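One letter stands for each residue in the lines below.
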Amino acid sequence: MKRSMAMMACVLSGALMLGSFTPVLAETEVKSVSTATADAKKDDAKADTTDKKDDAKNAVLEDGTYSAEFDTDSGMFHVNEANDGKGVLTVKDGKMTLHVSLASKNIVNLFVGTAEDAQKDGAELLQPTTDTVTYSDGMSEEVYGFDIPVEAIDEEFDLALIGKKNKWYDHKVKVTNPQKESDETAATEETKDTSTDDTKEASEK
């Protein structure tokens, strides 16, 4: 009798222990599923970012001339204010080159890459051109300009510069929002035509 009661006690004790572990096991399984889902979402986000970068690299503009914005990481290195932050992007045989007029003649060379690579033997430095810019008040000034090779639109790249103090500096730049010049010219002419029509109509009245 005592042996039977002892066996029943063991069975009950085992059942209680199993019951106490079941919620813990279930919670562990839920956490595992949640972690797996979160990891899957991160992987999808990385894949989307990679796809967008690949699309930017593969996006080739048709041959022609465009205006495009030139964004930099420094307030000391930027397009001349007379040009509203834009340069002239030329596309020929799938190769893109952006010409920008800078704020002065203080930057004497550019290099597509890092400042360290710019100082190596055989580095191809971009040579300046002398550009004339005209400000909103009618004043004109000569500044340096550069023809910068562009691999892809909307993609940041390294562009080092050297000034008159003969020291190289690293910068990040990006070319964005290309607009074909023929389209801009057409829009400007349309605005002029509308203004002319309004003037004629006012004079006739």
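Residues numbered from 1 in each chain as written. Predicted model: local features only at pLDDT ≥ 70, side-chain atom pairs only at ≥ 80, totals over all residues. Heavy atoms only, no water.

### Comments concerning the overall build of the chain
Per the secondary structure count, the chain includes three helices and nine strands. Ordering the α and β elements of the chain from the N terminus gives α-β-β-β-β-α-β-β-β-β-β-α. Put simply, the chain has 205 residues, and 22% of those count as buried. Relative to all contacts within the chain whose residues are 6 or more apart in sequence, the contacts with residues 24 or more apart total 61%. Accessible surface, the chain as shown: approximately 14500 Å² in total, 53% of it carbon and sulfur. (Helix = DSSP H or I, 4+ residues; strand = E, 2+ residues; numbered from the N terminus. Buried < 20%, exposed > 50% of the residue type's maximum accessible area, 1.4 Å probe, protein only. Contact = heavy atoms within 4.5 Å. Areas by Shrake-Rupley, 256 points an atom, 1.4 Å probe, with all protein chains shown as cover.)

### Structural notes on the pairing of strand S5 (residues 129-134)
Along a regular strand, successive side chains alternate from one face of the sheet to the other. Pairing of S5 with strand S6 (residues 140-150), which is carried by six bridges, proceeds in the antiparallel orientation. Within the sheet, the bridge partner assigned to Thr 134 lies in S6 and is Ser 140. If you look at the hairpin formed by S5 and S6, you'll find five residues sitting between the two strands, and Gly 138 has a positive phi there, around 95°. (Pairing = 2+ DSSP bridges.)

### What about the packing of aromatic side chains?
Per the counting criterion, the structure on display carries one aromatic pair. With centroids separated by 6.0 Å and ring planes inclined at 80°, the aromatic side chains of Phe 70 and Phe 77 adopt a geometry described as edge-to-face. (Phe/Tyr/Trp six-rings, centres within 6.5 Å; stacked < 30°, edge-to-face > 60°.)

### Looking at the nonpolar core
Residues Phe 70, Phe 77, Leu 89, Leu 110 and Ile 148 are the most contacted members of the largest nonpolar core, which totals 23 residues. In this structure, Phe 77 is in contact with Phe 70, Thr 72, Leu 102, Ile 107, Leu 110, Leu 159, Leu 161, His 171 and Val 173, ignoring residues within four places of it in sequence. Counting six residues, the second-largest nonpolar core is a separate cluster that includes Phe 111, Ala 115, Ile 162 and Trp 168. (Core = buried A, V, L, I, M, F, W, Y, C linked by side-chain atoms within 4.5 Å.)

### Some details on the pattern of salt bridges
In the structure shown here, the tally under the stated rule is four salt bridges. Ionic pairing is found between Lys 120 and Asp 117, a salt bridge with its closest N-O pair at 2.9 Å. Assessed through its relative accessible area of 30%, Asp 117 is described here as partly exposed. (Salt bridge = Lys/Arg side-chain N within 4 Å of Asp/Glu carboxyl O.)

### Some remarks on unusual backbone geometry
The bulk of non-glycine residues show a negative phi, and the bulk of peptide bonds are trans. You will see that Asp 154, though not glycine, has its phi angle at about 60°, which is positive. Along the chain, the position of Asp 154 falls in the loop between S6 and strand S7 (157-163). One non-glycine residue, Asn 166, lies in the positive phi region at around 60°. Examined against the element boundaries, Asn 166 turns out to sit in the loop between S7 and strand S8 (168-169).

### Observations concerning the confidence of the model for the chain
On average, residues of the chain carry a pLDDT of 78, and 59% of them reach 70 or more. Predicted confidence for residues 194-205 stays below pLDDT 50, and this span has zero contacts to residues more than four positions away or in other chains. (pLDDT = per-residue confidence, 0-100.)

### Re the environment of Met 139
Mapping Met 139 onto the fold places it in the loop between S5 and S6. With sequence-adjacent residues up to four places away left out, Met 139 is seen in contact with Val 133 and Thr 134.

### Concerning the side chain of Asn 109
Note that Asn 109 resides in strand S4 (residues 107-112). Taking relative accessible area as the criterion, Asn 109 reaches 14% and is therefore assigned buried. Within the local environment of Asn 109, its side chain forms a polar contact with the side chain of Gln 127, the two groups lying 3.3 Å apart. Excluding its chain neighbours within four sequence positions, the residues that come into contact with Asn 109 are Leu 125, Leu 126, Gln 127, Pro 128, Phe 146, Ala 160, Leu 161, Ile 162 and Trp 168. (Polar contact = N/O pair within 3.5 Å; in protein donor to acceptor, adjacent residues only side chain to side chain.)

### A word on the environment of Thr 176
Considering the arrangement of structural elements, one finds Thr 176 in strand S9 (residues 172-180). Sequence-wise, Thr 176 and Glu 156 are 20 residues apart; in three dimensions their C-alpha atoms are separated by 9.7 Å. With residues up to four places along the chain from it excluded, the contact list for Thr 176 reads Ala 68, Glu 69, Asp 71, Ile 153 and Asp 154. Within the structure, the side chain of Thr 176 is placed 3.3 Å from the side chain of Asp 71, a separation counted as a polar contact.

### Observations concerning the environment of Thr 129
Inspection of the secondary structure puts Thr 129 in strand S5. For the pair Thr 129 and Val 108, spaced 21 residues apart in the sequence, the C-alpha separation amounts to 9.7 Å. Among residues more than four places away in sequence, those in contact with Thr 129 are His 99, Val 143, Tyr 144, Gly 145 and Phe 146. A distance of 3.0 Å separates the side chain of Thr 129 from the side chain of Asp 131, its partner in a polar contact.

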